[in-house]
Structure formats: structure tokens, C-alpha cells
Amino acid sequence: MQTDQRDSFGSRFGVIAAAAGSAIGLGNIWRFPYVLGENGGGIFLLIYLILVAMVGIPVMLSEFTIGRSARRNPYGSFRKLAPGKPWYLVGLVGIAAAFMILAFYTVVAGWTLEYLYQAIANGFSGKSSTDINQMFDTFRAGTFRPILWFLIFMLMTSWIVISGIRKGIEKYTKVLMPFLFILILILDIRAITLPGAGEGLKFLFKPDISKISAETILEALGQGFFSLSIGMGTLITYGSYIGNRERLGNTALNVTLADTLIAILAGVAIFPAVFAFHIPPGEGTGLVFKTLPLIFQEMTGGYVFAILFFLLLSIAALTSTISVLEVIVAFFSEELNISRKAATILASLTVGLLGVLAAGSWGWFSQFHILKQSVFGILDFTTANILLPLGGFFIVIFVGWFMGTQKVQMELSNGGSLKAGYLPVFVFLVRYVAPLAIALVFMNGLGWI
Ligand code: PFF
């Protein structure tokens, strides 16, 4: 039987570590601060929190529900639960999104390796804030190094995914995630004791209503989807490896809380430094790479902390890249009927080609633009702000309107053995609130209404 042959997670903590490992990553520490910085600060945080509660949690729980009840990759899950209907297209779009995300995300993960290398080589020491700025821009505009680090990161990701769920993904994420948490706390303490920290905290936490715009809301929605790893079937895939006795509702809640907490803690680590060192908060994709080295320089033991931080940032990225690669690998191996190893190699090679173009977005391939955006920009914007919300929309519609309340209830109550008293709220959210919110934000953000 298909179910028996499938690999699975071995423990409750393993499930949470893997799912939180997927959710917590560069999206929290690199993307969240720069998108917040470009979109008005505190007001963005407020909208973000509302959307995570109203839309994020329902989508995440819907994905777990679909995955665990079908026990297949996203495409196969929809085919199994809705035979003969076009729902499988939602799975296919998700798999396309996985290719695109992996290509640009692993490029940034490669930057973290370069910074880890620089930290070890004491490359930040004695540099002024202008030098540090320059250092990042020069590195990113180069040809060889961004590609090299990207390829190394791709190889590490493939290596873990080849080892499977329990012996690969679970084993690594269980150890790596707790470390990250402790490190962020230490950095926060240093950041809030910087002179002028108050300004940064005010920017992060004090909403300024006048800065609200349709685009801010779309960016907040996109960031929520990206950060929670929802809307493309990553959590359908992970859900398909979750045991029948786990409480899906609790898992979704814990993963969302952990993800949100880490994003806020990352903001607390970064914005005081941004303001203390007079870096513009709307600086964009280089924000973290240009601010944190400055904190490390000021810190006692900064040399060690810089190494630890970039090491852990790479690890946070790795626990996310493996989850995205797993989506494609599960799809290839189950639908093409090939081994995990062959599927991983095939997936990595194709993503590798796209990623090399994305890595060149500031260097050798920077002349290439579509709609005024670089390859990297296009991949980032289209996945987070278009494909993921669109996928999330259909996922909640599927669970709310097509899967049948009876079946959803059976899944969430583990076949009737749990109470799952939140069910009516969940059904209301997936039927009405989440789809409506996504549709409105989406059409508004794209200027359709
Ligand atoms: N959630 C990850 C992060 O915040 O870094 C990125 C990500 C992973 C996005 C998996 C989408 C996904 F399916």
C-alpha cells in the first residue's frame, strides 16, 4: 500500500521542528525587515499580524488537512481527493512556484555563506559603514562568487533531501532550530542597548496610519504567505508525512506563533541598528547584510557572534530550502515513478539553471529585465505576491467548499478521537473570511478594484 511505503516524521517535536524549520528562514530574518522597511514600518506589522491570524492560520491548517488525508504530493493529493476535476492544477501551480522560489531563495542563502566566510576571515573588522555597504554591493555584482555559493547551497539542500524525511529533514531540523532562537535573543539584547535604539523600535512598533496603501496590504499578505511557507503545497507535502495521532490544529498554531515571533525578534535585532547607523530603512534586499555586520563590530565578542549568526542564518535557510525541494522531489518521485535520488538530482539540476540566472541579477545578467524587474525581482515578486496568495485562495476554497465538512472534521479530530472544538471557527474562516480577504487584497493590490 502507498501509505505504508511512505516515509514519515517520527515524533511530535520532529513535525513541529520540520514545519517551523520550513516557515522560519530568510523570510523572517532577511525578507520581513526589508519589506517592512519599504512599506511604512509599524503599520505594516499591524496589517501583517491581522492577515496572519485571519488568512495564514486557515491556509496552513487547510494544507495539513489536505496532505494528511491524501498522503501524496500536492498534485497527487488534489487528484486523489477530487478525481476527474481540475483541482490538480492548484497542485501544479504550486510545484511551479516551488521551482521559482527555490531558485531565488537559494541565491540569498548563498549570500549568507559568503557572509559566514567573511565573518570567519574577520572581513568586517575595522570597516566603516560605507565600506560595509560597498562590500555587499561589490560582492553581489560579481559573477563567480554568488554563483559558487548558490551551487554549494543547492548541493547541501539536495544532500539532506536525498536522505529522506526521518533520517534527513527531521534529524537536522530538530537540532538546528532551537539554536537559532537563542542566537536571535542575544542579538536583540545587543541591538536594543545600542544608542538611538528607540528610534528603530518606534519605526517597527508604532503604526503610522498615513502610510497605509493598497500595495502595503498586498505586500503584507505576500510576506505572510511567504513566511509561513503556505500557498504552494509545501505544507501539503509535509502534512502527508504527519502521523495520524498528531493534532493538526495545534501544530498549525504553534508553527505560526513561532514564525511570527522570530520575524518580530528579527525586526528588533535590525531596526535599532538601521537607525543607529543611519541606514535608510527602505534600503531593500541588502538591508540585513548591511546592518548586522555593523552591530557585530560594536559588540564585545562580535567576531564569534558574527560567525554564529551567519552560520545560523544559513541553517535557517537550509531548513527552508529542503522543504521547497521536497515539494518537487515528492512530485517527481510519485508521479514519474522514479527513485528519491533520481528525483532530487533532476529537480536540483533544473532549479540550478534558473538560479544561476537569478544569481546574476546584479552582475552579469543585470541587463536582462522583464517589466523593469531583474530575474531575481520577478521571481520574488511573482511567487510571494501572486502565486502563493492565488494558491492559498484555492486551497481554502477546496477545504471550505469541496472537501466536505464531514471529511474535514474526521481529519482534524483524528477520526473522532479528539474534540477539535475550534472546527466551526475554522470552517467559517476557510469558507468566507480567508477567501474574501485574499481576493480583496489581491485585486486591490494589483489595481483591479
Ligand atoms: N518560509 C520560508 C521563509 O520564511 O524563509 C520560505 C519558504 C519556504 C517559502 C517554503 C515558501 C515555501 F514553500
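Residues numbered from 1 in each chain as written. Predicted model: local features only at pLDDT ≥ 70, side-chain atom pairs only at ≥ 80, totals over all residues. Heavy atoms only, no water.

### Some remarks on the overall build of the protein chain
Across its full length, the protein chain carries 19 helices and zero strands. For the protein chain, the C-alpha radius of gyration of 21 Å lies close to 22 Å, the compact-globule estimate for 449 residues. Each principal axis of the C-alpha distribution contributes one length, and for the protein chain these read about 60 × 50 × 40 Å. Each of the 449 residues in the protein chain was classed as buried or not, and the buried ones make up 59%. Relative to all contacts within the protein chain whose residues are 6 or more apart in sequence, the contacts with residues 24 or more apart total 82%. Approximately 17,300 Å² of the protein chain is accessible, and the part contributed by carbon and sulfur atoms is 66%. Of the charged side chains in the protein chain, 29 are positive and 22 negative; the average position of the first set lies 9 Å away from that of the second. (Helix = DSSP H or I, 4+ residues; strand = E, 2+ residues; numbered from the N terminus. Rg over C-alpha atoms; globule rule 2.2 N^0.38 Å. Buried < 20%, exposed > 50% of the residue type's maximum accessible area, 1.4 Å probe, protein only. Contact = heavy atoms within 4.5 Å. Areas by Shrake-Rupley, 256 points an atom, 1.4 Å probe, with all protein chains shown as cover. Lys, Arg positive; Asp, Glu negative; His and termini not counted. Charge placed at Lys NZ, Arg CZ, Asp CG, Glu CD.)

### What to know about the packing of aromatic side chains
Within the structure shown, the criterion is met by 41 aromatic pairs. Taking 5.2 Å as the distance between ring centres and 50° as the angle between the ring planes, the aromatic pair formed by Phe203 and Phe271 counts as tilted. Within this pair, whereas Phe203 is found in helix α10 (residues 197-205), its partner Phe271 is found in helix α13 (residues 248-276), the two being separated by 68 residues in sequence. Phe271 shares its class with Phe203; the two are buried. Over the aromatic face of Phe226 sits the side chain of Arg31, whose NZ or CZ is 5.0 Å from the ring centroid. Lying across the ring of Tyr88, Arg79 places its NZ or CZ 5.7 Å from the centre. (Phe/Tyr/Trp six-rings, centres within 6.5 Å; stacked < 30°, edge-to-face > 60°. Lys NZ or Arg CZ within 6 Å of the ring centre and 35° of its normal.)

### With respect to helix α6 (residues 88-120)
When the terminal C-alpha atoms of α6 are compared, their 47 Å separation across 33 residues agrees well with the 48 Å that a helix rising 1.5 Å per residue should span. Looking one or two residues past α6, Asn122 carries a phi angle of roughly 60°, positive in sign. (Expected span 1.5 Å × (residues − 1).)

### Topic: the packing of helix α8 (residues 144-162) against helix α16 (residues 340-359)
Across the interface, α8 lies against α16 with an axial gap of 10 Å and an inter-helix angle of 160°. The angle between α8 and α16 places the two elements in the roughly antiparallel class. Where α8 crosses over α16, the handedness of that crossing is right-handed. Facing α8, whose interface residues are Pro146, Ile147, Phe150, Leu151, Met154, Ser158, Val161 and Ile162, α16 presents Arg340, Lys341, Thr344, Ser348, Val351, Gly352, Gly355, Val356 and Ala359. For the contact of α8 with α16, the class distribution of residues is ten nonpolar, five polar and two charged. (Axes fitted to C-alpha atoms, helices over the stretch in contact; angles between N-to-C directions. Parallel < 35°, antiparallel > 145°, perpendicular 65-115°, else oblique. Left-handed = near helix turned anticlockwise from the far one by under 90°. Nonpolar A, V, L, I, M, F, W, Y, C, P; charged D, E, K, R; others polar.)

### As for the site of the ligand
Taken together, 16 residues form the shell around the ligand, and within it Ala23, Gly27, Tyr105, Phe226 and Thr234 come nearest. Ala23 is positioned with one of its backbone polar atoms (N or O) 2.8 Å from an oxygen atom of the ligand. Separating a nitrogen atom of the ligand from a side-chain N or O atom of Ser229 is a distance of 2.9 Å. For the ligand, whose free accessible area comes to 340 Å², the fraction covered by protein is 100%. If you list the elements that add at least two residues to the shell around the ligand, you get α2 (12-23), α3 (26-38), α6, α11 (214-228) and α15 (302-335). (Near = heavy atom within 4 Å. Polar contact = N/O pair within 3.5 Å; in protein donor to acceptor, adjacent residues only side chain to side chain.)

### Here we look at the side chain of Glu170
Structurally, Glu170 can be placed in helix α9 (residues 165-192). A polar contact of 3.1 Å, which involves the side chain of Glu170, links it to the side chain of Ser11. When neighbours within four sequence positions are excluded, Glu170 is seen to be in contact with Ser8, Phe9, Gly10, Ser11, Gly14 and Ile165.

### With respect to the environment of Phe64
Note that Phe64 resides in helix α4 (residues 42-70). Separated by 348 residues in sequence, Phe64 and Leu412 place their C-alpha atoms 9.3 Å apart. Each residue touching Phe64, except ones within four places of it in the same chain, is listed here: Ala19, Leu235, Gly239, Ile242, Leu248, Thr251 and Ala252.

### Here we look at the packing of α4 against α13
One can describe the packing of α4 onto α13 by two numbers: an axis separation of 9 Å at closest approach and a directional angle of 145°. In this structure, α4 crosses over α13, and the sense of that crossing is right-handed. For the pair α4 and α13, contact is made by Leu45, Tyr48, Leu49, Val52, Ile57, Met60, Leu61, Phe64, Thr65 and Arg68 and by Leu248, Gly249, Thr251, Ala252, Leu253, Val255, Thr256, Asp259, Thr260 and Ile264, respectively. Partitioning the contact of α4 with α13 into residue classes produces 13 nonpolar, five polar and two charged.

### Examining the confidence of the model for the protein chain
This prediction gives the protein chain a mean pLDDT of 92; 99% of its residues lie at or above 70. Mean pLDDT per element in the protein chain: helix α1 (residues 2-5) is the minimum at 48, and helix α5 (residues 74-81) is the maximum at 98. (pLDDT = per-residue confidence, 0-100.)

### A look at the pattern of salt bridges
Scanning all chains against the criterion turns up nine salt bridges. For Lys290, the salt bridge goes to Asp137, with nearest N and O atoms at 3.1 Å. Remark: Asp137 occurs in helix α7 (residues 129-141) and Lys290 occurs in helix α14 (residues 287-298); sequence separation between them is 153 residues. Accessibility expressed as a relative area gives 33% for Asp137, which makes it partly exposed. With a closest N to O distance of 3.0 Å, Glu326 and Arg340 form a salt bridge. Here Glu326 is found in helix α15, whereas its partner Arg340 is found in helix α16, with 14 residues between them in sequence. Here Arg340 falls in the partly exposed class, since its relative accessible area comes to 23%. Through salt bridges with shared partners, a single network forms among Asp137, Glu283 and Lys290. (Salt bridge = Lys/Arg side-chain N within 4 Å of Asp/Glu carboxyl O.)

### Side note on unusual backbone geometry
Even without being a glycine, Asn122 presents a positive backbone phi close to 60°. Mapped onto the elements, Asn122 comes out in the loop between α6 and α7. Of note in this structure, His278 is not a glycine but carries a positive phi near 55°. Of note, His278 is situated in the loop between α13 and α14.

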